[in-house]
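# Examination of the molecular architecture
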Amino acid sequence: MGTSGSKGDVGGAALPGDGGMDGDEGSAGAVMGSWHGGAQLYVSLKMEKARIIGDLVPHVYGSEPIIGSWDPAHALAMERELASMWELSFVVPPDHETLDFKFLLKPKDAATPCIIEEGPTRLLTGGMLEGDVRLANFKLNGNDEVVEFRVFNKADIVSPLELAASWRVYKENFQPSMVRGIPDISINEAPAHATEDGSGSSLELDLEHYVVPTPTAPPTEYAANLAATPASLIQPGALWTNDMLLSDGIQSPRSGPADFQDHSDHNKAMPEAAGAVAAAAVADRLHGSKEDRKLAIVLVGLPARGKTFTAVKLTRYLRWLGHETKHFNVGKYRRLKHGANQSADFFRPDNQEGIEARNEVAALAMEDMIDWMHGGGQVGIFDATNSTSKRRQMLMKMAEGNCKIIFLETICNDRNIIERNVRLKIQQSPDYADQPDYEAGLQDFLERLTNYEKVYEPVEEGSYIKMIDMVKGEGGQLQVNNISGYLPGRIVFFLVNSHLAPRPILLTRHGESLHNVRGRVGGDTVLSEDGELYAKKLANFIEKRLKSEKTATIWTSTLQRTILTATPIVGFPKIQWRALDEINSGVCDGMTYEEIKKIMPEEYESRKKDKLRYRYPRGESYLDVIQRLEPVIIELERQRAPVVVISHQAVLRALYSYFADRPLREVPDMEMPLHTIIEIQMGVTGVEEKRYKLMD
């Protein structure tokens, strides 16, 4: 659906891709669109013919960026919808420029020429074909036989929120699924003249009075330090004092046999993807080559263009989905082998010794990444400038037979953003930790940057993704070339929605419910008296915390305890997401844990042994919850305004684990107390957290 074998520009949005347990432990193909955050057109092209002669498959080829390419070899295949119907769909902005295209019949045997439809080029404007929708005529067998296809065209207006909300809704042509008579998403504006029921008197003006310590909060870290320890340069157990870290225990093949087994306290291997989405990954494994089963995302770009921040965000996202992912930063290898105090002369394009040294550490990092993949790793993020075609050719040669490479090039033309990134680099990078003079460090880095600019060559080879001025999340472009498959499609889906504009995300459980008081899981009960009091305090808190944020939104589940918690909040639109409903406890819904232990002891013990993977009979597991929360994460990444998420314990554990970059095995046991607000601040320096406890 638009990325496979195509090259295109995408400006900032989406790709497709319960009762519940509330007191747990006692208390796609690719769709391009959403230009500038506006409405989009879901366009469907169809061709109908009772039968096709031979192995001919209908394709579409035409103008970039949507249709793909005028090269028939890169035409987009139409999918068989019915026995006699083929379909191709994509998303465009309502005011898109006219798209030119034609249909063609492409045989499965690549040696046989394509057959292009007769007549003039077709034009698509505003999602609709111009003029009468004529038949598509093809001449076969030396023009002796003419085959006719009926052509259909349909366009529906959809919003970015609808695209992100439900992958299943997309597959069903945007027909909303219903649970308890409630759509997946409903938007309710607050009353124009609503009043607050006296909650202000119980909340002090000083919000900091309610701040509580964050459990095991990690220190602020230089982003590159989060990358994998250079296994080939550090012996197991050795301390790297220059740039952090203890060795993770993975040995270089040079020093002995590598041991890549997971030594954590759980026995079962983490699945590559949770829930139903694993089917696409399995299909890729069955039909793809061995090389395609491992993926290397190779960063490309000048310094201070956001490569490392992009690598960290992408690593966090893929790990959260359950894919074994590791970030390899070549700068860590360079500092360990050659020292952190290399001047700009080390990076001169005419410094042959410096070039060889930098290529050497790049090769070491690539070897470590390939070794790690051979031991079970799935996605390696290779973080370096990789600014010349010669360097990239070296990496592609090393990857042959081992993994598939996709180049991810970050391009930024905004001088203000570049200057900000340069300042962060001087302040945080270990390269300048021993340089007390900021101005001297700045001058040296600018000279290094000039050296890179002299030899920089944009990516034009292989499979690639180009992120052009997408840091702000608006007005940018994302270009893709020769991208296909389940996992690459998910990566493009994430990147096209991701940006670094600072904004807070507030997570909170609903106020205490009657089932919380009774120690029962699931259900759809109302709030207790304490829960109602918390709803008022929360409304007052949000009024004070977000009083200057006119575009903030309130998200709840479709269960009444979250809706009732949000009811006192006025002045902000409220959005109900079925994806935010609590984990479905199935046949255990409404029971206490003691009742489960007595009536279903085997289920009780199974859950106790592995809460992450345990699925309630006729219910869900934590991995199922993570799978259905992916659209929520994508939409949170896409938002540029504050969002308040009022949901449930298991759901918030899963969401919090994403932002905190915590291992999935920790999700079921994370602390997520009632009547507490977790504020996640997202920005260029990473993710920061603050907690407010409004009630005991």
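Being a predicted model, the structure only gives us computed values, none of them experimental. (Residues numbered from 1 in each chain as written. Predicted model: local features only at pLDDT ≥ 70, side-chain atom pairs only at ≥ 80, totals over all residues. Heavy atoms only, no water.)

The next thing to look at is the overall build of the protein. The number of helices and strands found in the protein is 17 helices and 28 strands. Counting only residues that meet the buried cut, the protein has 55% of its 696 residues in that class. When the accessible surface of the protein is totalled, it reaches about 29,700 Å², and 50% of it is carbon and sulfur. (Helix = DSSP H or I, 4+ residues; strand = E, 2+ residues; numbered from the N terminus. Buried < 20%, exposed > 50% of the residue type's maximum accessible area, 1.4 Å probe, protein only. Areas by Shrake-Rupley, 256 points an atom, 1.4 Å probe, with all protein chains shown as cover.)

For the pair helix 5 (residues 330-338) and helix 6 (residues 352-374), interaxial distance at closest approach is 9 Å and the crossing angle is 120°. Relative to helix 6, helix 5 is oriented oblique. Crossing of helix 5 over helix 6 shows right-handed handedness. Side by side, helix 5 and helix 6 meet where V330, Y333, R334, K337 and H338 of the first sit next to A357, E360, V361, A362, L364, A365 and D368 of the second. Residues of the contact of helix 5 with helix 6, tallied by class, amount to 7 nonpolar, 1 polar and 4 charged. (Axes fitted to C-alpha atoms, helices over the stretch in contact; angles between N-to-C directions. Parallel < 35°, antiparallel > 145°, perpendicular 65-115°, else oblique. Left-handed = near helix turned anticlockwise from the far one by under 90°. Contact = heavy atoms within 4.5 Å. Nonpolar A, V, L, I, M, F, W, Y, C, P; charged D, E, K, R; others polar.)

Looking at the element boundaries, R334 is found in helix 5. Of the residues examined, R334 reaches a relative accessible area of 8% and is grouped as buried. Separated by 31 residues in the primary sequence, R334 and A365 place their C-alpha atoms 9.6 Å from one another. Apart from residues lying up to four places away in sequence, R334 is in contact with G339, F346, F347, V361, D431 and R448.

Now for the packing of helix 4 (residues 307-321) against helix 16 (residues 622-638). Their axes nearest at 10 Å, the elements helix 4 and helix 16 cross at an angle of 160°. Here helix 4 lies roughly antiparallel to helix 16, going by the angle between them. You can see that helix 4 and helix 16 cross each other, and the crossing is right-handed. Mapping the contact onto sequence places K313, R316, Y317, W320 and L321 in helix 4 and I626, L629, E630, I633, I634 and E637 in helix 16. Among the residues forming the contact of helix 4 with helix 16, the class breakdown is 7 nonpolar, no polar and 4 charged.

Ranked by size, the top nonpolar core spans 62 residues in total, and within it I297 and I465 carry the most contacts. Per-element tally for this core: the top contributor is helix 16, with 9 residues. With residues near it in sequence (within four places) discarded, I465 still touches I406, F407, L408, E409, L478, Q479, V480, I483, I491, V492 and L495. (Core = buried A, V, L, I, M, F, W, Y, C linked by side-chain atoms within 4.5 Å.)

Attention now goes to the packing of aromatic side chains. Using the criterion set out here, one finds 13 aromatic pairs in the structure. Ring centres 5.5 Å apart and planes at 90° place the aromatic pair F101 and F103 in the edge-to-face group. Both residues of the pair, F101 and F103, count as buried. Here a set of aromatic residues connected by ring pairs shows up, and it is made of W320, Y658 and F659. In this arrangement the basic side chain of R316 is found over the ring face of Y658, its NZ or CZ atom lying 4.7 Å from the centre. Directly above the aromatic system of Y656 lies the positively charged group of R691, at a separation of 5.2 Å from the ring centroid. (Phe/Tyr/Trp six-rings, centres within 6.5 Å; stacked < 30°, edge-to-face > 60°. Lys NZ or Arg CZ within 6 Å of the ring centre and 35° of its normal.)

For the rest of this paragraph, the subject is empty space enclosed by the protein. Considered as a void within the structure, the second largest cavity measures approximately 160 Å³ in volume. Around the second largest cavity, the lining is made up of 16 residues, and of these G306, T310, M467, M470 and V471 lie nearest the centre. Of all the secondary-structure elements, those providing two or more residues to the lining of the second largest cavity are helix 4, strand 20 (404-411) and helix 10 (486-497). Along the lines of polarity and charge, the residues of the lining of the second largest cavity split into 8 nonpolar, 5 polar and 3 charged. (1 Å grid on protein atoms, 1.4 Å probe; cavity = no way out; pocket = protein on both sides within 12 Å on 5 of 7 lines; lining within 4 Å. Points joined across faces, edges and corners; volume = space filled by probe spheres on them.)

A word on helix 16. Since the α-helix turns once every 3.6 residues, residues separated by three or four places project in the same direction. Under the 1.5 Å per step criterion, the end-to-end length of helix 16 is 24 Å for 17 residues, consistent within 8% with the ideal 24 Å. When the local axis directions of helix 16 are compared, the greatest deviation, roughly 45°, occurs at L629, which is followed within four positions by the proline P631. Counting buried positions along helix 16 yields 17 of 17 residues, so the element is predominantly enclosed. With a side-chain oxygen positioned 3.3 Å from the backbone nitrogen of L623, the residue opening helix 16 is S621. (Expected span 1.5 Å × (residues − 1). Bend = angle between axes of the 7 residues up to and from the residue. Polar contact = N/O pair within 3.5 Å; in protein donor to acceptor, adjacent residues only side chain to side chain.)

Unusually for a residue other than glycine, A304 sits at a positive phi of about 65°. Here A304 is to be found in the loop between strand 17 (295-300) and helix 4. The exposure class assigned to A304 is buried, which follows from its relative accessible area of 9%.

What follows deals with the side chain of H515. In this fold, H515 is placed in helix 11 (residues 514-518). Given a relative accessible area of 11%, H515 falls into the buried group. Leave out the neighbours within four places in its chain, and H515 touches R520, V521, G522, G523, T525 and G590.

Next up on the list: the confidence of the model for the protein. Looking at the protein as a whole, its pLDDT mean stands at 78, while 73% of the residues score no less than 70. Between residues 163-182, whose pLDDT stays under 50, and residues either more than four places distant or in other chains, the model counts 44 contacts. This stretch, residues 237-277, has a pLDDT under 50; its non-local contacts, to residues over four places away or in other chains, come to 90 contacts. (pLDDT = per-residue confidence, 0-100.)

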